[in-house]
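Examining the three-dimensional arrangement
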Amino acid sequence: AQSVTQLGSHVSVSEGALVLLRCNYSSSVPPYLFWYVQYPNQGLQLLLKYTSAATLVKGINGFEAEFKKSETSFHLTKPSAHMSDAAEYFCAVTGPNYGGSQGNLIFGKGTKLSVKP
Amino acid sequence: DAGVTQSPTHLIKTRGQQVTLRCSPISGHKSVSWYQQVLGQGPQFIFQYYEKEERGRGNFPDRFSARQFPNYSSELNVNALLLGDSALYLCASSPGGGRGNTEAFFGQGTRLTVV
């Protein structure tokens, strides 16, 4: 069964600093992996996804993530934080049968990112 | 194009009551999933429907039920509400139709408060 662990429930960075949000997954088969962002009182927006193509995935708003099978990790990074990046970020995993008529996303508990001026 | 729409956006119910939440997927999407997000936690999978049939169910009691209509919209019903059912309920739609990297698009959610 798949599972996701997000290290750090709260991360604080200064504006312009590197953002690093950690995600480790557990899966018996090669997974699909996603990062979502959630702003207060809103739904989830997809930042990026890994689907067994390139291991370095670029997403929206300058975010990217690298799939490392040997470390079972899919950490999210952004070179320079902006005040508008303050939000909660969720890593999610699913199996290779995802899509079509079956499958669901399994989410981590989330990491709240604060950006200091 | 309209995104995933959910109604109502907020509601308050009393313990023991029943509630119905509604979701309209993106036009052309045939799969709808429901998630419960308790404050401070990640979303938890409740149901998935595809072509009007239940294709997946999470670890939720039978008080939770759902259905999908011919136009692919969906309703989530919760009976005998408990205080612990207070949460943000999210609907996600995806195209469906085949294995692969199908992206799930989420609605804004319905904030349910049980008092």
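That block above? That's the structure.
Read on for a plain summary of the structure. (Residues numbered from 1 in each chain as written. Chains lettered and ligands numbered in written order. Predicted model: local features only at pLDDT ≥ 70, side-chain atom pairs only at ≥ 80, totals over all residues. Heavy atoms only, no water.)

1. Observations concerning the layout of surface pockets
Our working definition: Lining residues are those with an atom within 4 Å of a point, where the points come from a 1 Å grid over the protein atoms alone and group into cavities, where a 1.4 Å probe fits but cannot get out, or pockets, open sets with protein on both sides within 12 Å along at least five of seven lines. Grid points are joined across faces, edges and corners, and a volume is the space filled by probe spheres set on the points. The secondary structure listing takes helices from DSSP runs of H or I that are at least 4 residues long and strands from runs of E that are at least 2 residues long, numbered from the N terminus. Gly is placed with the polar residues, together with every amino acid not listed as nonpolar (Ala, Val, Leu, Ile, Met, Phe, Trp, Tyr, Cys and Pro) or charged (Asp, Glu, Lys and Arg).
Computed from the structure, the largest pocket encloses a volume of approximately 420 Å³. Residue lining of the largest pocket: 22 residues in total, with Q38(A), P40(A), E88(A), Q37(B) and L39(B) positioned closest to the centre. For the lining of the largest pocket, the elements supplying multiple residues, two or more each, are β9 (87-94) and β11 (111-116) of chain A. Considered class by class, the residues forming the lining of the largest pocket number 9 nonpolar, 9 polar and 4 charged. Of the volumes computed, that of the second largest pocket is approximately 180 Å³. Lining of the second largest pocket is provided by S3(A), V4(A), N104(A), L105(A), I106(A), F107(A), P43(B), Q44(B), F45(B), G58(B), N59(B) and F60(B). When contributions to the lining of the second largest pocket are tallied by element, the ones reaching two or more residues are β1 (3-7) and β10 (106-107) of chain A together with β5 (44-50) of chain B.

2. Overview of the pattern of salt bridges
Side chains that differ in charge, positive against negative, can pair when their charged atoms come close. Residue and element names in this part refer to chain B. Counted only if it meets this: Salt bridges are identified by distance alone: a Lys or Arg side-chain nitrogen within 4 Å of an Asp or Glu carboxyl oxygen. Any residue under 20% of the maximum accessible area for its type is buried, any over 50% is exposed, and the rest in between are partly exposed; the area is computed with a 1.4 Å probe on protein chains only.
One pass over the full model with this rule turns up 9 salt bridges over all chains. Between K52 and E51 there is a salt bridge, and its shortest N-O distance comes to 3.8 Å. You can call K52 partly exposed: its relative accessible area is 38%. The salt bridge partner of R55 is E53, with a shortest N-O separation of 3.6 Å. The class for R55 is partly exposed, based on a relative accessible area of 36%. By sharing partners, the salt bridges in this structure join R22, R67 and E75 into a single network.

3. Re the packing of aromatic side chains
Definition in use: Stacked, tilted and edge-to-face are the three classes assigned to paired rings of Phe, Tyr and Trp, where Trp is represented by its six-membered ring and a pair needs centres within 6.5 Å; plane angles under 30 degrees give stacked, over 60 edge-to-face, the rest tilted.
Applying the stated criterion to the full structure yields 14 aromatic pairs over all chains. For the ring pair Y25(A) and F67(A), a centre distance of 5.8 Å and an interplane angle of 20 degrees mean the geometry is stacked. Taken as a pair, Y25(A) in strand β3 (residues 19-26) and F67(A) in strand β7 (residues 64-68) lie far apart in primary sequence, 42 residues in all. Classification of Y25(A) as buried rests on a relative accessible area of 7%. Overall, the relative accessible area of 10% leaves F67(A) in the buried class. Ring plane angle 70 degrees and centroid distance 6.1 Å describe the contact between F107(A) and F106(B), whose orientation is recorded as edge-to-face. With F107(A) in strand β10 and F106(B) in strand β10 (residues 105-106), the pair connects residues from two separate chains. Members of the aromatic cluster, joined through ring pairs, are F34(A), Y36(A), F90(A), F107(A), Y35(B), F45(B) and F106(B).

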